[in-house]
Amino acid sequence: MSQSCIGPCPDGSPRRIPWSEGCLALVVILALSTSCSRPRPPETGRHEADQDPHPTLSVDTHRIAEADSEPGNWMAVGRSYREQYYSPLDDIDRESVDQLGLAWTFDLDTNRGQEATPLVVDGIMYLVTAWNKVKALDARTGELLWSFDPEVDRAVGALTCCDVVSRGLAIYEGRIFLATLDGRLLALDAVTGEAAWEVLTVPPGAGYNITGAPRAAKGKVFIGNGGADNGLRGYVSAYDVETGQLVWRFYTVPGDPSDGQESPILERAAETWSGEYWKTGTGGTAWDAIVYDPELDQLYIGVGNGGPWDPSIRSPEGGDNLFLASIVAVEPDTGEYLWHYQQVPGDAWDYTATQPIVLADLEVEGRTRKVLMQAPKNGFFYVIDRQTGELISAETIVPINWAEPSLDTRGRPVVRPEARYWETGQAFLGSPGPAGAHNWLPMAYHPEIGLVYIPVTISPMVYAGIQAEGDARSRSGADLVDLPGFRAVDEGLHERVLAMNRGFLLAWDPLRQQEAWRVEHSTAVNGGILATGGNLVFQGEANGELAAFDAETGEKRWAYATHGGIVAAPASYRVDGEQYVALLQGWGGGFAIASGEASRLSGPKRNISRVLAFKLGGEETLPEPPPFPEISPPPPIGDVEQVETGRSVYASQCARCHGGNAVGATNMPPDLRASPSLHAREAFVSIVHGGSLLENGMPDFAGVLSPELVEAIRVYVIDRANATIASPPAARSPARRPKNVQSARDIPEL
């Protein structure tokens, strides 16, 4: 690991912290160094008597719970434990927002997807980038104070579902908590950036990853993991913030019964599974939402999809498969089960419940209810009593065709027969697809206006059970027949599915369970949301525009062209009496890089990774963006059989990062159609077999692909590049996009 500090630091690099590959809970404790200093933080309006020389030391459960008393700070994921992505600051409002300008920028040293929202405490900004690099900046100027690199092995990127991203940090009692793609959890000194301890939270070499943000409360830091598509068993762990020792672990699905289940609730859960599920795979990883509730002293866990997706593989006799696609409440001190609500019993469509969970108090039928709200992948919006897990209401926010649009009397979905592809033996064009009606992208809640703002996606996919070996498919146990960009059953269907792709910003009334307004976008996936006390809603778009909308009407009040795609949600903070809106820019994430053709419906997307901070009267400007790489391939080579072999291998090994049908959505990971290595077989082989670009995140496939298959991939990409030149696609604007699918019945089925 490497760490650097701006200021009078000692010469030389700090020693690397070793970590064991043979123990789940090995902790290395280092003495905190005080030899590095940082510039004095800018004044934030707090009384001098209240100023702590190291203000992060006082960030604890009470302070985060009382975040509304410090509206100038952004101390946790979503600003407070309620994770509402709402800032009460109102200097920037509907009348003044037209004066909003760029205050400062900070260029990042990673050019992959940037999904995190920065934390800001008393004038210091803390952020995490792709590859889990952490930086502390002066929130007033963007000056670098310190940086830390956990030195994640770049080969891990090939095992990660959805880009080499991180969704945030936790700050608690003077430490910054970081989770890494390779499964580590680290505590950094918030003043110096030096590591205090680290622990490996997953079995080494098992295929787990972590992209979610840690959460901290009550002297513990909570973290989950990803890997359900690989059939891995999900769990959430709590570690002591001081020592890094494991306090408890809650498994979200049962394990091997011969070993005994870890708790009585898992014994009950095991009754909802069949077959040898512990061998075929279970899934249920908690890769994003983990929310602490200080009012009720509960911890809410969003549980992921089944793995394999096809339930006939993992649980051949059916069953609800608890706790897949569920919200589970546990006791934060012990991890003891409290209650659960399952959204998709026996999940078969990658309909996770890991999406952001927002806590609020709502007046329901004349009385105040403490609720949690979630818009998960499956297309419903849920309002749940967070004290008991009772479902209060649920309605669809998009047309769906996997189930009826209303739940049954028990709060369960009524699955349509045609959606049971593993029973019918027929492919099913499902909507939502695995990208969801709403995915990880933060939604926001404005408590004064009473609306939730959701970045909505419509991107159907054809689901089909595994019929034979050798064709392109994911490790999920279901053919990825047409995750837009993956090859469709036929070209006509492929074009129809692409035409359905669209996205919009939706303002949703959670009490009436109905739409208030929407703003159409040109691409299916766009950025996360920030709502403010100035009655504005901020969102970045795939096309690089950061916009501010009237929170009550949806009218666009302001926009700024950033030159690069945006997926992260902004934060707002105040320093030296001025309100800022800041975000990480960097196009990426699973849909962005894999669904090349769908992402390109409004044109190619550029990854420019930087921090952007805006304030009233800001006068900074951005440099002109670099041109897109030119597609200039050699003439077609190889025969039809070689092209088809290359297509199949590309779909299974390359599409997840470089885009389906060899259509890249962005410059990083690169669109292979524009790669100079197409002109030289040796150069192409050195990349795919020799690992010459490993530092960029391109793994070595020497142990996976033969030289003949590598050449078949090159032949296929050359073929696709020449086809593009012969018939270039036209970008579509929102005004030219197809009309919304008005009902589930309008979605064509096979």
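Everything below is about the structure printed above this text.
Because the structure is predicted, anything quoted here is derived from the model rather than measured. (Residues numbered from 1 in each chain as written. Predicted model: local features only at pLDDT ≥ 70, side-chain atom pairs only at ≥ 80, totals over all residues. Heavy atoms only, no water.)

## Examining the overall build of the protein chain
Scanning the protein chain for helices and strands turns up 12 helices and 38 strands. Per-residue burial over the protein chain gives 63% buried out of 750 residues. Surface accessibility of the protein chain: about 26100 Å² in total, with carbon and sulfur atoms responsible for 49%. (Helix = DSSP H or I, 4+ residues; strand = E, 2+ residues; numbered from the N terminus. Buried < 20%, exposed > 50% of the residue type's maximum accessible area, 1.4 Å probe, protein only. Areas by Shrake-Rupley, 256 points an atom, 1.4 Å probe, with all protein chains shown as cover.)

## Overview of the sheet that holds strand β19 (residues 326–330)
Sheet architecture is open: four strands sit in the order β17-β18-β19-β20, paired in antiparallel fashion. What marks the edges here is a single partner per strand, and that holds for β17 (290–293) and β20 (337–342). When the angles between neighbouring strand axes are averaged without regard to direction, this sheet yields 20°. Note: β19 against β20, five bridges, orientation antiparallel. (Pairing = 2+ DSSP bridges. Axes fitted to C-alpha atoms, helices over the stretch in contact; angles between N-to-C directions.)

## Quick notes on the nonpolar core
Most often, soluble globular proteins have nonpolar side chains that are buried together. Ranked by size, the top nonpolar core spans 119 residues in total, and within it W104, M125, Y126, Y453 and Y573 carry the most contacts. For Y573, the residues in contact, after removing those within four places along its chain, are G72, L89, W104, V120, M125, A139, E578, Q579, Y580, A582 and A613. Core analysis: the next-biggest nonpolar cluster, separate from the first, contains 50 residues, V371, I400, L407 and V456 among them. (Core = buried A, V, L, I, M, F, W, Y, C linked by side-chain atoms within 4.5 Å. Contact = heavy atoms within 4.5 Å.)

## Quick notes on helix α11 (residues 681–688)
Structural remark: α-helix, 3.6 residues per turn; residues separated by three or four positions point the same way. Of the positions making up α11, those classed as buried are F684, I687 and V688. Across the axial projection of α11, the buried residues extend over an arc of 90°, all falling on one side. Looking at the packing, one finds that the buried side of α11 touches α12 (707–726). (Arc of directions from axis to C-beta.)

## Focus: the packing of helix α9 (residues 640–653) against α12
Contact geometry of α9 with α12 gives a least axis separation of 7 Å together with a crossing angle of 100°. It follows from the interaxial angle that α9 and α12 lie roughly perpendicular. Within the contact between the two elements, α9 uses Q642, V643, T645, G646, R647, V649 and Y650 and α12 uses L709, E711, A712, I713, V715, Y716, V717 and D719. (Parallel < 35°, antiparallel > 145°, perpendicular 65-115°, else oblique.)

## Remarks on the packing of aromatic side chains
Both the distance between ring centres and the angle between the ring planes are used here to describe each pair of aromatic rings. Considering all chains together, one arrives at 28 aromatic pairs under this definition. Summarising the aromatic geometry, the rings of W273 and Y277 are spaced 5.3 Å apart at their centres and angled 45° between planes, so their arrangement reads as tilted. Judged by relative accessible area, Y277 falls into the buried class, the value being 3%. Of the aromatic side chains, those joined through ring pairs into one cluster are W309, W349, Y351, W402, Y421, W422 and Y463. Sitting over the ring of W131, R154 keeps its end group 4.3 Å from the ring centre. Here the guanidinium or amino end of R233 rests over the ring plane of Y251, the centre of that ring lying 3.9 Å away. (Phe/Tyr/Trp six-rings, centres within 6.5 Å; stacked < 30°, edge-to-face > 60°. Lys NZ or Arg CZ within 6 Å of the ring centre and 35° of its normal.)

## A closer look at the pattern of salt bridges
Tallied over the full model, the rule gives 45 salt bridges. Here D333 ties to K218 by a salt bridge, and the two come within 2.8 Å at their closest N and O atoms. With D333 in the loop between β19 and β20 and K218 in the loop between β13 (215–217) and β14 (220–223), this pair connects stretches of sequence that are 115 residues apart. Between R416 and E404 there is a salt bridge whose closest N-O contact spans 3.3 Å. In this pair, R416 sits in the loop between β24 (391–396) and α5 (421–424) while E404 sits in the loop between β24 and α5, placing the two residues 12 residues apart along the sequence. Classification of E404 as partly exposed rests on a relative accessible area of 29%. (Salt bridge = Lys/Arg side-chain N within 4 Å of Asp/Glu carboxyl O.)

## Brief notes about the packing of α11 against α12
Orientation of α11 relative to α12, taken along the N-to-C sense of each, is 115°, at an axis distance of 10 Å. Helix-helix and strand crossings are classified by hand; for α11 and α12 the assignment is right-handed. Contacts between α11 and α12 pair R681, F684, V685 and V688 from the former with P707, V710, E711, I713 and R714 from the latter. The residue inventory of the contact of α11 with α12, partitioned by class, reads six nonpolar, no polar and three charged. (Left-handed = near helix turned anticlockwise from the far one by under 90°. Nonpolar A, V, L, I, M, F, W, Y, C, P; charged D, E, K, R; others polar.)

## Concerning the side chain of T523
Within the secondary structure, T523 sits in the loop between β31 (514–521) and β32 (529–532). The exposure class of T523 is buried, given its relative accessible area of 1%. In contact with T523, not counting residues within four places along its chain, are R502, G503, A542, A598, S599, S602 and K605.

## Observations regarding empty space enclosed by the protein
By the definition in use, this model includes four cavities of 30 Å³ or more. The computed volume of the largest cavity comes to approximately 120 Å³. Every residue lining the largest cavity is listed: V77, E83, Y85, E115, R167, A213, R215, D288, P356, W440 and P442. Taken together, the residues that form the lining of the largest cavity break down as six nonpolar, no polar and five charged. Roughly 100 Å³ of volume is contained in the second largest cavity. Around the second largest cavity, the lining comprises 16 residues; the ones closest to its centre are A76, V77, Y81, R215 and A216. Only β9 (170–172), β13 and β17 provide two or more residues apiece to the lining of the second largest cavity. Looking at which element gives the most residues to the lining of the second largest cavity, the answer is β17, with three residues. (1 Å grid on protein atoms, 1.4 Å probe; cavity = no way out; pocket = protein on both sides within 12 Å on 5 of 7 lines; lining within 4 Å. Points joined across faces, edges and corners; volume = space filled by probe spheres on them.)

## Some thoughts on the pairing of strand β21 (residues 357–364)
Here β21 lies mainly inside the structure; six of its eight residues are buried. Examined bridge by bridge, β21 and strand β22 (residues 367–374) share eight bridges and lie antiparallel to one another. Bridge pairing links I357 to Q374 in β22. Here β21 folds back onto β22 in antiparallel fashion, the turn holding two residues, of which E365 has a positive phi close to 50°.

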